[in-house]
Structure formats: C-alpha cells, structure tokens
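Descriptive structure summary
In case you want the letters, here they are:
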Amino acid sequence: MIAVENVFAKYPGTSVNIIKDVSFEVGEGEIFGFLGPSGAGKSTLQKILTGVLPNYQGSVKVLGSEVNKHLSDFYEEIGVDFEFPNFYNKFTAMENLNYFSSLYKKQSLDPIPLLERMGLLSDANKKVGGYSKGMKMRLGFIRCLLHNPKLLFLDEPTSGLDPANARILKDIVLEQKQQGKTIILTTHNMHDAEELCDRVAFIVDGAIKH
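Residue positions are given per chain, counted from 1 along the sequence in the order it is written. Whole-chain, interface and lining totals are the exception, using all residues; otherwise, since this is a predicted model, local features are given only for residues with pLDDT of at least 70 and side-chain atom pairs are given and counted only at 80 or more. Side-chain measures were taken over the full set of non-hydrogen atoms in the model, leaving aside hydrogen atoms and water.

Let us now look at the sheet that holds strand β2 (residues 19–26). Paired through backbone hydrogen bonds, the strands of a sheet run either parallel or antiparallel to each other. Being paired, for any two strands, means DSSP has found at least two bridges between them. Going along the chain from the N terminus, every DSSP run of H or I of four or more residues is numbered as a helix, and every run of E of two or more is numbered as a strand. With antiparallel pairing, four strands are arranged side by side in an open sheet as β2-β1-β4-β5. With one partner strand each, in any of the chains shown, β2 and β5 (65–66) form the two edges of the open sheet. Where strand β1 (residues 2–9) lies against strand β4 (residues 56–62), six bridges are found, and the strand directions are antiparallel. Pairing of F8 across the sheet is with Q57, part of β4. The strands touched by helix α1 (residues 42–49) within the sheet are β1, β2 and β4, with β2 carrying the most contacts at an inclination of about 65°. By the convention used here, residues are in contact when the closest approach between their heavy atoms is within 4.5 Å. With axes taken as lines fitted to C-alpha atoms, and helix axes fitted only over the stretch in contact, angles between N-to-C directions fall between 0 and 180 degrees.

Structure, rendered in structure tokens:
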C-alpha cells in the first residue's frame, strides 16, 4: 500500500531538511504507527504521504503511484483525520458532512450510525462553531470514514478526547482494520500505539530511529 524510499523533505522557503533519509513499507490491512515527540516530523511525513507536501526527494508510492504525480482519484481512496480539523463553522455538523460527501464520486456511508456511536447525534443539527475541540475531533474522525476509503491517515486521533470517547474511536479503528483497511496512525501516545499498531516507526528529528 505504501513504499517510501530515501525521502528527504523541507518546507518551502527553508534550507534545512525536516525529513531525513526515511524509508519504510506498509502492507495492506496493517496499522502502522509513527511514534515520537511533538515536532519530530510525524505530521510532516503524513503530509508527504497525503500529497500536501509534494516537493520531496526520493520515492513515495501510495496505492501504487508516486504521490507527487497522483491523479485526482487518489483522494477517492484515502481518508485523512487531521489533528486540528477544519470545518465550516456556520454549517451544522450534518451540513458539513453532507458537503464533504458531495466532493466524492462514490456513494458515501450513512453518517447517522457514526454520529450516534461517537455521541454527536443530538448535536448533529448544531452549528460546528459552537463545538468543543473534542466534538470537532470526533466529527473529523467521522468525516474521514464517510467515503469508505481503502487507506486512513489518523493524526493524533484521540487528542482532546475523554477516555470513554477515545475507547469508542479506537474500537472503530480496529473494526476498520478488520474490514481490510490500511491505517497510518500518528501519535505521541505510547498506549495508543501499543494497543492499535501492528508495527511502529520511532520518529526523532525527522528520521526513523532503529
């Protein structure tokens, strides 16, 4: 599903490599974790894998294609849950989800069971501008699942969640794996990594530490 070879990357306008000679592979149906402290390069790696940072050196193949040469249908098959999800604050949760679903060619999942399970059904018709960080995190997680992608990128998915909601989210992640999904989990939480991941790459100062 993912093959990364000798990748270096820097942010535009800077001269220092943030990602330094990173190589790894992720198989289909695997939960692969990036574990490390804040600022280590975990989220930057995820941005490269999802096509947000295309100016890298080396090779990054996701779903069989080089990421910086991907076609538009690439995004039909990946779901991304950002640590700080963006929504239209003047839209309700349901309006946000319906709008997001409309961007994809394929039929979306029914959001109602996911909203109910994540404890947001009673707030589904409230404007997202009034949501707490934890509510937005849960809504962002639902949003990344709606188009039923093959590959999920989860960036600190339990951040800002109380233990009960974190448990529900982790159960859904494991169910996604059972359905054959491949999942990249970025976290600094050792417990989440130990519980969810088949394998983990330790990221320190932009490199994988062996």
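Picking up after the structure, the text goes on.
Counting 33 residues, the largest nonpolar core has L115, L139, F141, L154 and V173 as the members making the most contacts within it. Considering each element in turn, this core owes the most residues, seven residues, to helix α4 (residues 133–145). In this structure L115 touches M94, L97, L120, L121, A124, L139 and I142, once residues within four positions along its chain are discounted. Counting residues in hydrophobic clusters, the runner-up holds 28 residues, among them I2, V67, F153 and I203. The set of buried Ala, Val, Leu, Ile, Met, Phe, Trp, Tyr and Cys residues whose side-chain atoms join them within 4.5 Å is what this entry labels a nonpolar core. Relative accessible area decides the class of each residue, using a 1.4 Å probe on protein chains only: under 20% of the type maximum gives buried, over 50% gives exposed, and in between gives partly exposed.

Model confidence for the protein is summarised by a mean pLDDT of 95, while 100% of its residues fall at 70 or above. Here α1 is the element of the protein with the lowest mean pLDDT, 93, and β1 is the one with the highest, 98. Predictor confidence is given residue by residue as pLDDT, running from a minimum of 0 to a maximum of 100.

Turning our eyes to something else, we now look at unusual backbone geometry. Non-glycine residue N6 carries a positive phi angle of around 45°. Assignment of secondary structure puts N6 in strand β1. What makes N6 partly exposed here is its relative accessible area of 43%. For D21, which is not glycine, the phi torsion reads 55° and is therefore positive. One can find D21 in strand β2. Since its relative accessible area comes to 41%, D21 is described here as partly exposed.

Taking every second residue as pointing to the same face, both faces of strand β6 (residues 78–81) are buried, with I78 and V80 on one and G79 and D81 on the other. Judged from the four bridges that link them, β6 and strand β7 (residues 151–155) form a sheet pairing that is parallel. Across the sheet, D81 pairs through a bridge with L154, a residue of β7.

With that out of the way, let us pick up the pattern of salt bridges. When a carboxyl oxygen of Asp or Glu lies within 4 Å of a side-chain nitrogen of Lys or Arg, that pair is called a salt bridge. Enumeration according to the criterion identifies nine salt bridges in this entry. Between E195 and R167 there is a salt bridge, and its shortest N-O distance comes to 2.4 Å. Here the residue E195 occupies a position in helix α6 (residues 190–196), and R167 occupies one in helix α5 (residues 163–178), the gap between them amounting to 28 residues. In this structure E195 comes out as partly exposed when scored by relative accessible area, which is 34%. A cluster of three or more residues bridged by salt bridges with shared partners is formed by R167, K170, D171, D192 and E195.

Turning our eyes to something else, we now look at the side chain of Q46. Here Q46 shows up in helix α1. Any N or O atom pair separated by 3.5 Å or less is treated as a polar contact, with the protein-specific requirement of one donor-capable and one acceptor-capable atom, and with residues adjacent in sequence counted only for side-chain atom pairs. Side chain to side chain, Q46 and T186 meet in a polar contact 3.2 Å long. When neighbours within four sequence positions are excluded, Q46 is seen to be in contact with F153, L154, D155, I184 and T186.

What follows concerns the environment of S108. As for its position among the elements, S108 is in the loop between α2 (93–102) and α3 (111–117). Separated by eleven residues in the primary sequence, S108 and L97 have C-alpha atoms spaced 9.9 Å apart. Setting aside anything within four residues of it in sequence, one finds S108 in contact with S101, L146 and H147. Separated by 3.3 Å, the side chains of S108 and S101 make a polar contact.

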